[in-house]
Amino acid sequence: MARYAMVFDIRRCIGCHSCTVACRTKNELPMDMIYNPVTTVGPTGVYPNLSMVHLPLICMHCDNPPCVDACPTGASQRRDDGIVFVEDKKCVGCLACVMACPYGARVKNHESGAVQKCDFCKDRVDEGKLPYCVLTCHQKARVFGDLDDETSEVYKLVNGERTVRLLAELGTEPYAFYIYG
Amino acid sequence: MSKSIDLQQEGIEVKKSCCYFCHQNCGVLAYVKDGKVLAIEGDPSYPTNEGGLCCRGNIALKHLDHPARVNYPLKRVGKRGEGKWEQIPWDQAMDEIAAKLAAIRDEFGAEAVATAGGTSRTDDWARRRFMNMFGSPNCFHNSHLCWIPTFMVETAIYGWCPFDLDLGASRCLVLWGQNPGASSMPEMHHIRELQTKGLKVIVIDPRFTETAAKADLWLPLRPGSDLALALAWVNVIIHEGLYDAEFVTEYCEGFGELADHVEQFTPEWAAPLTWLTPEQIRESAYMYATSKPGNIQWGVAIDQLGKSAGAAMHARALLRALTGNLDCPGSDLLTGPSQDSITDEEMEANDMLPEAQKAKQIGADRFKLITWPGYGRIAELAKKHWGKAPTAEWMCEAHPPSVFNAIITGEPYQIKALLVSATNPVNSYGQSKMTLEALRKVDFMVTCEYWMTPTAALSDYVLPIAGALERPTITNSYGCADFLLCSQRAIQPMYERRNDYNFWRDLGMRMGQEEMWPWETVEDAYHYRIEPLGYGAESYDEFVDLYRFHFPEREYFKYKRIGFGTPSGKVELYSSTLKDLGYPPLPEYAGPVENELDDPELAKEYPLVLTTGNGFMPFHHSEHFQIKELRFLRHEPRVEINPATAAELGIADEDWVWIETRRGRIKQKAALTQGVAPRVIVTERGWWFPERSMAEPELGGCLESNTNVLTSVDDEHCDPFSGTWANRGLLCKVYKVNGADAKEGK
Ligand code: SF4
Ligand code: SF4
Ligand code: SF4
């Protein structure tokens, strides 16, 4: 079984937002919904001694997803390959998962009434393609792959570079890893 | 809840198309069924973008069928700018336009018809071909502000201008006034990749940009002081013995004169002018000169300096020559024109324009380098050396502000008609109020466009033009590179849109040019251009399907075999070509167009230094403000101000502020950032508001936040070589918009 993960190489991200735009366009999301915002921190410091980093966010595809536990209808699920997704027909829009997610990754779609979020483009992944935000990132700041495959780039990065997981102390075991450099 | 389309379904064709929203032309795969594009993706096998697409690339389908697109030929009914249009057939539009142009030619001469071109969205050779046969030398273009002066100065000095960087083997890259992190993203990726392998990157930019944040060295110079910095680098490289003595002795002329000339331009001299320390200047010059081989990438900033632009380009070019960083592995390559295919220039039919008409080109009396006197001379040298000339379109242009001025004043003669294609002059040319006055005043205006822009709104005819996915594309750096990257159209143009090629051809056919337009479609013309490559493809589409790219084998050190394309066959550090044209053969210092040292009185009233050329993701020039999937990222125009300055002026983050120069004022929203120096103000360019009324007097609010209201096209502010006008290094003041005056700015 695969174990999907995404690695964000913060050293490469330039905050161009094309992942954000690509995802929304591809998933035909309404204007008030974003699966994967990119926040810019900086420039910090005092001119001219400055630094600036950009931080792309997504659903972390936690190994221990509190959103799935919180969901009363079973709409929020985790596949064996680790992809956390919402089966929208089962979702009643109660927002329990939205409250439970510590990463703010879930948004209610006011057109459909269902809660939605990044699902790692599971339909593309099932076809052997990359998630769209990964394909579209000119900077190759996003790396996607199977963490159980020792030849994969994500495996090499997670095991070879200094990576961090956001809010690791909560024990959600996210499958999004960040390289700060 | 992905509404993903099944791309395996029967009948889907994958077309090798490209993105058309900037010059990178990233490769796109378009999934097409029954003449409709169902989906697009970045093409993973395209060598530059490798599947990547920026924000703009990703909204291609929104652009393709946006409700605000102009889809049918429109003819003005009612008053100019009133916003009343009648939909008419193409044939009628073309008949009427042809008749009008013929009448103007008969009464005022062919030169009374001018054309304005945009940013390589178009087959500009076709426009030039039409104009040459029509008999008018008055084509012009935004190209003055973008690379063209650089190309011509450098070609004068060493016979071609490097646009091709051999980055793979490079050890040092100077990004001079360039921010690929926001403007050429495929390139940014390759730079980052190479940095991990030891490439040193120097960024020269007043702003702390996406790219500066990743640089090894950032030089935050005073806006507009590039010439002082370049001269000081030349001084350091010569006087501290960092130059390549062998290359200079063997292949350059005029070293002695140059060495004497730059003795005065020490880092200590340049420090107060550039706001850098002598140490910063020395350290950076050392880094470039000693990390060999190295590159200096062209950046648009120097082209936009105005008065000091030509000398700055000259000084920057000398840096490459002195360090021997020309045409050797890892350096800036002089590829010359494509020897294997038919170039843009060969398609232009420049011989068809009579000498007497060339002599009438507006601006050729003052700005000789990018007009027939300079272009003619340089083209002749290039032909002798390479066998082919650089493209005349872009390199040989009427001086745009002077054309607008001619419309207003009738001097040096009357310009009666303006054909506008792929540009929105009021937002993209300098001193917008004057440009707008000219657009309002010109007798006859036709605009080929995607949208109802402020310029289109003032036209007599607006014609719907095919965009990305609807047209084939050859990418070859304006005919100045020797390689080709080819893309096909995904679909035929929707509605009644047409390629601009067909516009010029149809017009030509109606004006007695039948013999000159044998190619019915753009693909036919492109096939003619690529046939000599020898791939044997039956059609252009087949070529794209089977081969798509043509990269000729690289020959380094060509100068050892053929010399340089100058009169002496050497790099002319002391330029005989510039001298023959009446310009200084060595770069002479001039300050920024407006500065506190030369005009202390002005600086009292306008104490801040303004730079206006700031392009920003996700927009491109004055485009895409209609597209809400992009606009949400930047809803309103932003001006960058240092928090210390803002505090002094009582300005808070997100306040609307006026930015004012001698030429007018605009308002943008204050963005407080440490990323600019306390005395520097950085405005965003391009802004207008397509969501507002597009009729007079509102015209999409085209002056309200438009930074070009602030720029200067006065003759004494223009570069004497090329006529490029002043977008950088101006003086301004900034103050808060208060309720009472918030509405001004028409
Ligand atoms: S597309 Fe890539 S570089 Fe751009 S913001 Fe997203 S992760 Fe960063
Ligand atoms: S980030 Fe939130 S929504 Fe995503 S899997 Fe974790 S808990 Fe669930
Ligand atoms: S960088 Fe963006 S706009 Fe330019 S060609 Fe590529 S995808 Fe298109």
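What you see is a predicted model; the values in this text were computed from it and never measured.

**Observations regarding the overall build of chain B**
Of the regular secondary structure elements, chain B holds 30 helices and 27 strands. The C-alpha radius of gyration of chain B comes to 25 Å, within 12% of the 27 Å expected for a compact globule of 746 residues. With respect to the three principal axes, the spread of C-alpha positions in chain B is 70 × 70 × 65 Å. Sequence separation of 24 or more characterises 74% of the internal contacts of chain B that already satisfy a separation of 6 or more. Computing the positive centroid from 75 side-chain charges and the negative centroid from 103, chain B places the two 4 Å apart.

**A few points about the nonpolar core**
Residues and elements named next belong to chain B. Counting residues in hydrophobic clusters, the biggest one holds 145 residues, and the most contacted among them are Leu-101, Leu-418, Leu-507 and Ile-659. Broken down by element, this core gets its largest block of residues, seven residues, from helix α3 (residues 90-108). When near neighbours in sequence (up to four residues on either side) are disregarded, Leu-101 contacts Val-113, Phe-130, Phe-134, Ala-417, Leu-419, Phe-444, Leu-507 and Met-511. Within the second largest apolar cluster, 87 residues are counted, among which are Val-236, Ile-302, Leu-322 and Phe-721.

**Quick look at the domain arrangement of chain B**
Residues and elements named next belong to chain B. Looking at the assigned domains, one finds that chain B contains domain 1 (2-64), domain 2 (74-144 + 339-550), domain 3 (162-333 + 557-580) and domain 4 (600-741). Measuring from the centre of the C-alpha atoms in domain 2 to the corresponding centre in domain 3 gives 33 Å. When domain 2 packs against domain 3, the two sides together hide about 820 Å² of surface, and 67% of this comes from carbon and sulfur. Ranking the residues of domain 2 by area buried against domain 3 places Arg-377, Leu-381 and His-385 at the top, with a combined share of 52%. Remark: the boundary between domain 2 and domain 3 carries one salt bridge. Between Arg-377 and Asp-580 there is a salt bridge, with its nearest N and O atoms 3.7 Å apart. Summed over the shared surface of domain 2 and domain 3, the result is one residue pair in polar contact (both at pLDDT 80 or more).

**Some points on the state of the cysteines**
Working definition: the covalent bond between the sulfur atoms of two cysteines is a disulfide. Residue and element names in this part refer to chain B. A full pass over the atoms with the stated rule returns zero disulfides over all chains. The thiol of Cys-18 is not disulfide-bonded; the next cysteine sulfur, from Cys-19, is found 7.1 Å away. We classify Cys-18 as buried; its relative accessible area is 3%.

**Observations concerning the sheet that holds strand β17 (residues 461-464) of chain B**
All names here are of chain B. Spatial ordering of the open sheet is given by β5-β4-β17-β16-β15-β6-β7, a layout of seven strands whose pairing is mixed. Bordering the open sheet on either side are β5 (85-87) and β7 (139-141), each of which pairs with just one other strand. Each neighbouring strand pair of the sheet contributes to a mean axis angle of 20°, computed without reference to strand direction. Judged from the three bridges that link them, strand β6 (residues 113-117) and β7 form a sheet pairing that is parallel. Its bridge partner being in β7, Ala-116 is matched across the sheet by Phe-140.

**Regarding the site of ligand 3**
Surrounding ligand 3, one finds His-138 of chain A together with Cys-19, Phe-21, Cys-22, Gln-24, Asn-25, Cys-26, Leu-53, Cys-54, Arg-56 and Gly-57 of chain B. Residues within reach of ligand 3 are spread across chains A and B. Here the residues of the shell around ligand 3 sort into six nonpolar, four polar and one charged.

**Let's talk about the interface of chain B and chain A**
In this complex, chain B contributes 51 residues to the contact, which on the side of chain A involves 42 residues. Roughly 3700 Å² of surface becomes buried between chain B and chain A when both sides are summed, with 57% attributable to carbon and sulfur atoms. Applying the counting rule to chain B against chain A returns four salt bridges. Here Lys-140 of chain A makes a salt bridge to Glu-50 of chain B, at a shortest N to O gap of 3.8 Å. Where chain B touches chain A, the interface holds 17 residue pairs in polar contact (both at pLDDT 80 or more). Examining the composition of the side of chain B that touches chain A, we find that six residues originate from one element, helix α7 (residues 185-195) of chain B, more than from any other. Residues that form the side of chain B that touches chain A fall into these classes: 26 nonpolar, 15 polar and ten charged.

**Concerning the sheet that holds strand β20 (residues 549-550) of chain B**
Residues and elements named next belong to chain B. Taken in spatial order, the three strands line up as β18-β19-β20 in an open sheet, and their pairing is antiparallel. Looking at the sheet topology across the chains shown, the edges are occupied by β18 (473-475) and β20. In the sheet, strand β19 (residues 484-487) pairs with β20 via two bridges, with the strands oriented antiparallel. If you follow Leu-484 over to β20, its bridge partner there is His-550.

**Quick look at the packing of helix α8 (residues 226-239) of chain B against helix α11 (residues 267-274) of chain B**
All names here are of chain B. Relative to each other, α8 and α11 sit at 165°, their axes nearing to 9 Å. Compared by their axis directions, α8 and α11 come out roughly antiparallel. Seen along the crossing, α8 lies across α11 with a hand that is left-handed. Residues Ala-228, Leu-229, Leu-231, Ala-232, Asn-235 and Val-236 of α8 touch α11, and the partners they reach there are Pro-267, Trp-269, Ala-270, Leu-273 and Thr-274. Across the contact of α8 with α11, the residue classes break down as nine nonpolar, two polar and no charged.

**With respect to the packing of aromatic side chains**
The description of two aromatic rings rests on the distance between their centres and on the angle between their planes. Residue and element names in this part refer to chain B. Summed over the entire model, instances satisfying the criterion amount to 52 aromatic pairs over all chains. Considering the side-chain rings of Trp-125 and Trp-519, the 6.3 Å spacing of their centres and the 85° angle between planes classify their relative orientation as edge-to-face. With Trp-125 in helix α4 (residues 124-134) and Trp-519 in the loop between α23 (500-510) and α24 (522-530), this residue pair connects regions lying 394 residues apart in the sequence. Relative accessible area serves as the criterion here: at 1%, Trp-125 is assigned to the buried category. When its relative accessible area of 10% is taken as the criterion, Trp-519 is described as buried. Here Phe-543 and Tyr-547 contribute two aromatic rings whose centre-to-centre distance is 5.8 Å and whose plane-to-plane angle is 40°, an arrangement assigned as tilted. Take Phe-543: its relative accessible area is 1%, and that puts it in the buried class. The residue whose ring lies beneath Lys-358 is Trp-372, and the NZ or CZ to ring-centre distance is 4.1 Å. In this arrangement the basic side chain of Lys-667 is found over the ring face of Trp-656, its NZ or CZ atom lying 5.7 Å from the centre.

**Structural notes on helix α21 (residues 432-441) of chain B**
For an α-helix, 3.6 residues make a turn, and residues three or four places apart therefore share a direction. Residues of α21 of chain B that are buried include every one of Ser-432, Met-434, Thr-435, Leu-436, Ala-438 and Leu-439 of chain B, and no others. Packed against the buried residues of α21 of chain B are α19 (400-409), β15 (417-421), α20 (425-428), β16 (444-449) and α22 (454-457) of chain B.

**Quick notes on the side chain of Asp-124 of chain B**
All names here are of chain B. Locating Asp-124 in the fold gives a position in helix α4. A polar contact is formed between the side chain of Asp-124 and the side chain of His-141, at a distance of 3.0 Å. Setting aside residues up to four positions removed in sequence, Asp-124 forms contacts with Gly-118, His-141, Glu-393 and Trp-394.

**Quick word on the pairing of β19 of chain B**
Two faces, one strand: in a regular strand the side chains alternate between the faces of the sheet. Residues and elements named next belong to chain B. A two-sided burial pattern is seen for β19, the buried positions comprising Leu-484 and Cys-486 on one face and Leu-485 and Ser-487 on the other. In this structure, β18 lies alongside β19, joined through three bridges in antiparallel fashion. Residue pairing in the sheet places Thr-475 in a bridge with Leu-485 of β19.

**Re the confidence of the model for chain B**
Confidence in the prediction of chain B, expressed as mean pLDDT, is 96, and 99% of residues score 70 or more. Taken together, the chains of this predicted complex give a pTM of 0.96 and an interface ipTM of 0.96.

**Here's the deal with a negative patch on the surface**
The grouping of Glu-253, Glu-257, Asp-260 and Glu-263 of chain B at the surface amounts to a negative patch. Following the sequence through the fold, Glu-257 of chain B ends up in helix α10 (residues 255-262).

**A word on the environment of Gly-224 of chain B**
All names here are of chain B. Assignment of secondary structure puts Gly-224 in the loop between β11 (217-219) and α8. Overall, Gly-224 belongs to the buried group, its relative accessible area being 7%. Residues Gly-224 and Asn-727, 503 residues apart in the sequence, show an inter-C-alpha distance of 8.8 Å. If we ignore the near neighbours within four places in the chain, the residues touching Gly-224 are Leu-305, Ser-308, Pro-592 and Gly-729.

Calculation notes
The numbers attached to residues start from 1 for each chain and follow its sequence in the written order. All chains are assigned letters beginning with A, and all ligands numbers beginning with 1, in the order in which they are written. Selection of residues for local features in this predicted model requires a pLDDT of at least 70, selection of side-chain atom pairs for listing and counting requires 80 or more, and totals for whole chains, interfaces and linings are taken over all residues. Side-chain numbers here rest on the full set of heavy atoms in the structure, without hydrogens or water. Secondary structure elements are taken from DSSP: a helix is a run of H or I of four residues or more, a strand is a run of E of two residues or more, and numbering for both begins at the N terminus. In this treatment the radius of gyration is a C-alpha quantity, and the globule benchmark scales as 2.2 Å times the residue count to the 0.38 power. Every residue pair with non-hydrogen atoms within 4.5 Å of one another is taken to be in contact. A positive count includes Lys and Arg, and a negative count includes Asp and Glu. His and the chain ends are not counted in either. Lysine's charge is taken at NZ, arginine's at CZ, aspartate's at CG and glutamate's at CD. What makes a nonpolar core is a set of buried Ala, Val, Leu, Ile, Met, Phe, Trp, Tyr and Cys residues whose side-chain atoms join them at distances within 4.5 Å. For every residue, the accessible area (1.4 Å probe, protein chains only) is compared with the maximum for its type, and the residue is labelled buried under 20%, exposed over 50%, or partly exposed between those bounds. For the purposes of this description, domain bounds are those given by an automatic or database domain assignment. Here the quantity called buried area is the accessible surface, traced with a 1.4 Å probe, that two parts lose on coming together, added over both. For this document, the term salt bridge refers to a Lys or Arg side-chain nitrogen within 4 Å of an Asp or Glu carboxyl oxygen. For this analysis, a polar contact is any N or O atom pair within 3.5 Å, provided that within protein one partner can donate a hydrogen and the other can accept it, and provided that sequence-adjacent residues contribute only side-chain to side-chain pairs. The definition used for a disulfide is geometric: two cysteine sulfur atoms within 2.5 Å. Any two strands with at least two DSSP bridges between them are considered paired. Only C-alpha atoms enter the line fits that serve as axes; for helices the fit covers just the stretch in contact. Angles between N-to-C directions range over 0 to 180 degrees. Note on terminology: near, applied to a residue and a molecule or strand, indicates that one of the residue's heavy atoms is within 4 Å of it. Ten residue types, Ala, Val, Leu, Ile, Met, Phe, Trp, Tyr, Cys and Pro, are classed as nonpolar, four, Asp, Glu, Lys and Arg, as charged, and the remainder, Gly among them, as polar. By the definition adopted for this analysis, an angle is roughly parallel if under 35 degrees, roughly antiparallel if over 145, roughly perpendicular if from 65 to 115, and oblique otherwise. A clockwise turn of the near helix away from the far one marks a right-handed crossing, whereas an anticlockwise turn of less than a right angle marks a left-handed crossing. In summary, the pairing rule links any two rings of Phe, Tyr or Trp, Trp by its six-membered ring, whose centres are within 6.5 Å, and it sorts them by plane angle into stacked for under 30 degrees, edge-to-face for over 60 and tilted for everything else. Two conditions define a charge sitting above a ring: the NZ of Lys or the CZ of Arg must be within 6 Å of the ring centre, and it must be within 35 degrees of the ring normal. On a range of 0 to 100, pLDDT expresses the predictor's confidence in each residue. Patch members must show over 30% relative accessible area and no salt bridge, and they are joined within 9 Å when carrying like charges or within 5 Å when they are nonpolar side chains of Val, Leu, Ile, Met, Phe, Trp or Tyr. Computed with the Shrake-Rupley method and a 1.4 Å probe, the accessible areas treat only the protein chains shown as cover for residues.

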